[in-house]
Amino acid sequence: MSDLTTIREEVLPSLTKAATLAELEELRVAVLGKKGRLTELMKSLGAMSPEERKSFGQELNVLKEEITAAFTERKSFLEAEAINERLKNETIDVTLPPRPFVQGRIHPVSQVTEELLAIFSQMGFKLAEGPDIEDDWHNFEALNFPKSHPARQMQATFFMKDGGGDILRTHTSPVQVRTMESQDLPIRIVAPGRTYRCDYDMTHTPMFHQIEGLVIDKSTNMGHLKGCLIDVFKAFFEVDDVPVRFRPSFFPFTEPSAEMDIGCSRENGEFKIAKGKGWMEVLGCGMVHPNVLKASGINPDEYQGFAFGFGIDRMAMLKYGIPDLRTFFEGDIRRLKHYGFIPLDIPAMNIGLSLNGGIKR
Ligand code: PHE
């Protein structure tokens, strides 16, 4: 009897104190194992009288159940604790670091090209493209530049070395010709792309970017041209009004021809759209010359239209306050980090071109 009391008093508290599963198992073996204290007592039952065996056996069973229950309880507690401990130390960070998005930057020229395309596409213009290496026909001849015309020299053309007569296009206007040659009428396209002239200073680089516009229909006129360009520049600079001025000019492929200036101020080097402060030339435009229509197989008595072309790089410099054109093409990663755009800030007319004028860099 007293044996059972001792076992109960010793074993039950030590079970609840066992700190590890291994310690607990050791305790279990010492009591319930083959040579455990309770097992030994069970063995002694055989030598007892039937009455003794009955009452002692019952008490033994009660104690055995108590110990087993205490053991099971402690075991599941220790197991849960072990799992929690593992979970704490084995946490896996399933989040993806945002570095791929934050580190790369979109070049200002690409961003501004996208901004312009967002504007033009909303106005119903389709995208058109042409090759950087052009032939004489598309870059000059079909655009009404006769062979000996001095305007050819004015363009500072790069000629291909092979003597085949191909050149690096000096403007995006050859895309006008390619479009008129291949597309059905009416036409309403814009063509952004690289252009090349032998020139190099703060505002000129041998490779630069232009965007060309061409609209051909039966009654398209100069008024449409002006309205279209004013709308484009208002949208691009994200202002309610842009003062513009059209000056007569000359291009072999348009008649009449004009250059458009925008009203602006420059205070402390900062460019702003403003009335009455000064003018800056931004583009060339005009009504497509009948000879150009004819060269592309369009009847000038039936169709007419307007065209314009302007520098994309210049637009990026003005809008985002970038002082030196040459830095655009030096490939300096620090410059790109400063002036570049976050790839997810995709310009769109419905959310604001540059996210309310203050695009996050
Ligand atoms: N191609 C001209 C230039 O590069 C611009 C222009 C385009 C002018 C279309 C009139 C019409 O200067």
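Residues numbered from 1 in each chain as written. Predicted model: local features only at pLDDT ≥ 70, side-chain atom pairs only at ≥ 80, totals over all residues. Heavy atoms only, no water.

A. Fine view of the overall build of the protein chain. In terms of regular secondary structure, the protein chain is built from 13 helices and 10 strands. In terms of overall dimensions, the protein chain is more spread out than a globule: its C-alpha atoms have a radius of gyration of 43 Å, far above the 21 Å expected for 361 residues. Structurally, the protein chain occupies a C-alpha span of about 135 × 45 × 40 Å along its principal axes. Taking all 361 residues of the protein chain together, the buried fraction comes to 41%. (Helix = DSSP H or I, 4+ residues; strand = E, 2+ residues; numbered from the N terminus. Rg over C-alpha atoms; globule rule 2.2 N^0.38 Å. Buried < 20%, exposed > 50% of the residue type's maximum accessible area, 1.4 Å probe, protein only.)

B. Here's a closer look at helix α4 (residues 50–89). Taking 1.5 Å as the rise per residue, α4 with 40 residues should run 58 Å; its terminal C-alpha atoms sit 57 Å apart, in good agreement. All buried positions along α4 are accounted for by F56, G57, L60, L63, I67, A70, F71, R74 and L78. (Expected span 1.5 Å × (residues − 1).)

C. Region of interest: the site of the ligand. What surrounds the ligand is a group of 14 residues, the closest being H171, S173, R197, Q210 and E212. Alone, the ligand offers 320 Å² of accessible surface; in the complex the protein occludes 90% of this. Elements represented by at least two residues in the shell around the ligand include exactly β5 (207–217), β9 (279–288) and β10 (304–311). No other element matches the 3 residues that β10 contributes to the shell around the ligand. Classifying every residue of the shell around the ligand by side-chain character gives 5 nonpolar, 7 polar and 2 charged. (Near = heavy atom within 4 Å. Areas by Shrake-Rupley, 256 points an atom, 1.4 Å probe, with all protein chains shown as cover. Nonpolar A, V, L, I, M, F, W, Y, C, P; charged D, E, K, R; others polar.)

D. Representation of the pairing of strand β7 (residues 254–267) in the model. Extensive coverage of β7 is indicated by the burial of 10 of its 14 residues. Examined bridge by bridge, strand β6 (residues 244–251) and β7 share 7 bridges and lie antiparallel to one another. Pairing of R247 across the sheet is with E259, part of β7. Linking β6 back to β7 in an antiparallel pair, the connection comprises 2 residues. Across 8 bridges, β7 lies against β9 in antiparallel orientation. Each bridged residue has a counterpart across the sheet, and for T254 the counterpart in β9 is V288. (Pairing = 2+ DSSP bridges.)

E. Spotlight on the nonpolar core. With 45 residues, the main nonpolar core has F120, F233 and F310 as its most contacted residues. At the level of elements, α6 (108–122), β5, α10 (222–237), β7, β9, β10 and α12 (312–320) are the ones that each hand at least two residues to this core. With 8 residues, α10 is the single largest residue contributor to this core. Setting aside its immediate chain neighbours within four residues, F233 contacts V242, M260, I262, V282, L283, F310 and M315. Judged by nonpolar contacts, the second largest core, of 22 residues, contains F140, L143, L214 and Y303. (Core = buried A, V, L, I, M, F, W, Y, C linked by side-chain atoms within 4.5 Å. Contact = heavy atoms within 4.5 Å.)

F. Structural context of the packing of aromatic side chains. Under the defined criterion, the tally for this structure stands at 13 aromatic pairs. Summarising the aromatic geometry, the rings of F120 and F308 are spaced 5.7 Å apart at their centres and angled 20 degrees between planes, so their arrangement reads as stacked. Remark: F308 occurs in strand β10 and F120 occurs in helix α6; sequence separation between them is 188 residues. Through pairs of rings, three or more aromatic residues link up here, namely F120, F125, F233, F236, F237, F271, F306, F308 and F310. Lying over the aromatic face of F236, K319 brings its terminal NZ or CZ to 4.6 Å of the ring centre. Its guanidinium or amino end placed over the ring of Y200, R326 lies 5.5 Å from that ring's centre, counting from NZ or CZ. (Phe/Tyr/Trp six-rings, centres within 6.5 Å; stacked < 30°, edge-to-face > 60°. Lys NZ or Arg CZ within 6 Å of the ring centre and 35° of its normal.)

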